[in-house]
Amino acid sequence: MIKLKFVKRTHNNLRWRILSFFIALVSSLLVSGLLMASVGQNAFEAFWALFEGAFMGQEAIMDTLLRATPLIFTGLATVVAFRARIWSIGQEGQLVMGAIFAYGASVIFSGLPSIVLIPLVIIAGFMGGALLGGFCGWLKYRFKVDEVISTVMLNYIVGYFLTYLLSGPWRSKGSYYLQTEEVVKHALYPVLMEEYQLHIGFLVAIVTTVFMYFLIRKTSLGYDIKALGMNPTAFRYKGANIPKMFVLVMMISGGVAALAGTGELLGVHGRLNMDISLGLGFTGIIVAMIGGLTSIGTFFAAFLFGGLVNGGYVMQVMTGVPLSMVYATQAIILLFFLCSSLLSKYRIKKVTDND
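Residues numbered from 1 in each chain as written. Predicted model: local features only at pLDDT ≥ 70, side-chain atom pairs only at ≥ 80, totals over all residues. Heavy atoms only, no water.

What follows is about the overall build of the protein chain. Secondary structure assignment for the protein chain yields 13 helices and 2 strands. On C-alpha atoms alone, the protein chain measures out to a radius of gyration of 22 Å, which is about the 20 Å that the 2.2 N^0.38 rule sets for 355 residues. Summarising its shape, the C-alpha atoms of the protein chain cover approximately 75 × 60 × 35 Å along the three principal directions. Contacts spanning at least 24 positions in sequence make up 77% of the contacts within the protein chain whose residues lie at least 6 apart. Side-chain charges of the protein chain comprise 26 positive and 16 negative groups, with the mean position of each set lying 18 Å from the other. (Helix = DSSP H or I, 4+ residues; strand = E, 2+ residues; numbered from the N terminus. Rg over C-alpha atoms; globule rule 2.2 N^0.38 Å. Contact = heavy atoms within 4.5 Å. Lys, Arg positive; Asp, Glu negative; His and termini not counted. Charge placed at Lys NZ, Arg CZ, Asp CG, Glu CD.)

If you want it as structure tokens, here you go:
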């Protein structure tokens, strides 16, 4: 009897990966087109509007990069945790905690000049996420609390803490909305070009991507992170301190995710509110998986998904495609890309009962 099973590829070359992603793109567009046609929509016009809104023209590209920036951070946070086989789902809460710490620092040190204040606020935001991530790591080795449970639960706790701050001590005076006062102007991220919203947070994202690439690929700490993920037992016999390593990885992951919150606060919203994230942390997990849990791959995957989000709004306005169809199209594309990532690493092999 012939059976099928997945076998890991011994030679996962770049050509095959590119081909698998191309097949995923074409397949997802075909399926999405059939779905649109089934409800009377012109698929060609819709996809052209999606592409035009995401990548056609300087304004579209700038808006796509703006939407991709927080996803780069949350994706990179996922990369460093998952490469160590630490299944952190706390990027959403870490992002929010980064924004909270960044706003607090902007208020406390508002009297400092911009050249000092902005780096200080960035560091404060990073520390907010790092402390939250490190706390989950401490719960893991001290009380054996699974990191999936602790990070998910802390997402809710941080959300409630934000609600408390915005409805109480930090609420803007005379405002009907749950929001703080505006951040002092000299603490806001400068924009890269005056006519666009893209801010220096994108440059911080590029630097972080390069840093994470060299950290994981070229340093002894990166080797330890991968060793922890590949074989923790052997890593322990090597003399490594597993609890310390676990906390360190979670702190790095949490700090990087928090930079997304800092960027949204200082570069997009200008004040702390309940819409500071809206799922950017969870989306970053998907982006990292599409990027193959690599820094460079995650960067380009975030750019792709930023284009899907940005172009989705244009597609809705120009063609009248319902918002639910926009979300369905994005989900189909993501599903096919995740499948292509799996097929780029594994192949289907025929086996018999004798094998």
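With that settled, consider a positive patch on the surface. There is a patch of like positive charges on the surface, built from Lys8, Arg17, Arg85 and Lys345. Relative to the assigned elements, Lys8 resides in strand β1 (residues 3-8). (Patch = residues over 30% accessible without salt bridge, like charges linked within 9 Å, V, L, I, M, F, W, Y side chains within 5 Å. Areas by Shrake-Rupley, 256 points an atom, 1.4 Å probe, with all protein chains shown as cover. Salt bridge = Lys/Arg side-chain N within 4 Å of Asp/Glu carboxyl O.)

Turning our attention to empty space enclosed by the protein. For the structure shown, the criterion picks out 1 cavity of 30 Å³ or more. There is about 40 Å³ of room inside the largest cavity. What lines the largest cavity is Val287, Ile290, Ala301, Leu304, Phe305, Leu308, Ile333, Leu334 and Phe337. Looking at the lining of the largest cavity, the elements that each hand over two or more residues are α11 (280-290), α12 (295-319) and α13 (323-345). Looking at the lining of the largest cavity residue by residue, the class counts come to 9 nonpolar, no polar and no charged. (1 Å grid on protein atoms, 1.4 Å probe; cavity = no way out; pocket = protein on both sides within 12 Å on 5 of 7 lines; lining within 4 Å. Points joined across faces, edges and corners; volume = space filled by probe spheres on them. Nonpolar A, V, L, I, M, F, W, Y, C, P; charged D, E, K, R; others polar.)

All right, on to the nonpolar core then. Counting 81 residues, the largest nonpolar core has Leu265, Leu272 and Met315 as the members making the most contacts within it. At 12 residues, the largest contribution of residues to this core is made by helix α10 (residues 242-269). Not counting chain neighbours up to four residues away, the residues in contact with Met315 comprise Met36, Ala46, Ala49, Leu50, Gly320, Val321 and Val326. (Core = buried A, V, L, I, M, F, W, Y, C linked by side-chain atoms within 4.5 Å. Buried < 20%, exposed > 50% of the residue type's maximum accessible area, 1.4 Å probe, protein only.)

Given a rise of 1.5 Å per residue, 30 residues ought to cover 44 Å, and the 43 Å separating the end C-alpha atoms of helix α5 (residues 114-143) matches this to within 8%. The first or second residue beyond α5 is Lys144, which carries a positive phi of 60°. (Expected span 1.5 Å × (residues − 1).)

The next subject is the side chain of Glu264. Here Glu264 is to be found in helix α10. For the buried Glu264, which has no salt bridge, the nearest side chain bearing the opposite charge is Arg67, at an N-O separation of 7.7 Å. In this structure Glu264 touches Pro70, His269, Gly270, Ile276 and Leu280, once residues within four positions along its chain are discounted.

For Leu278, which is not a glycine, the phi torsion comes out positive at approximately 55°. Of note, the phi angle at Leu293 is positive, near 55°, even though the residue is not glycine. Structurally, the position occupied by Leu293 is in the loop between α11 and α12.

In this section: the side chain of Ser295. Its place among the elements puts Ser295 in helix α12. Taking the relative accessible area as the measure of exposure, Ser295 reaches 5% and is therefore buried. A distance of 3.4 Å separates a polar side-chain atom of Ser295 from the backbone nitrogen of Tyr213. When residues no more than four places from it in sequence are discounted, the contact partners of Ser295 are Leu76, Thr209, Met212, Tyr213 and Ile216. (Polar contact = N/O pair within 3.5 Å; in protein donor to acceptor, adjacent residues only side chain to side chain.)

Bringing a nonpolar patch on the surface into the picture now. Residues Val107, Ile108, Phe109, Leu112, Ile115 and Val116 make up a contiguous nonpolar surface patch of about 560 Å² in total accessible area. Residue placement: Val107 occurs in helix α4 (residues 91-108). Judged by its relative accessible area of 46%, Val107 falls in the partly exposed class.

Throughout the structure, instances matching the rule amount to 3 salt bridges. For the salt bridge of Glu182 with Arg271, the shortest nitrogen-to-oxygen distance reads 3.1 Å. Placement of Glu182 in the loop between α6 (147-167) and α7 (201-218) and of Arg271 in the loop between α10 and α11 is noted, with a sequence separation of 89 residues between them. Since its relative accessible area comes to 56%, Glu182 is described here as exposed. Given a relative accessible area of 16%, Arg271 falls into the buried group. Taking the shortest distance from any N to any O, the salt bridge between Lys238 and Asp224 comes out at 3.8 Å. Placement of the pair is Lys238 in the loop between α9 (232-237) and α10 and Asp224 in helix α8 (residues 220-230), with a sequence separation of 14 residues. By relative accessible area, which is 19% here, Asp224 ends up buried.

Just distances and angles here, no functional claims.
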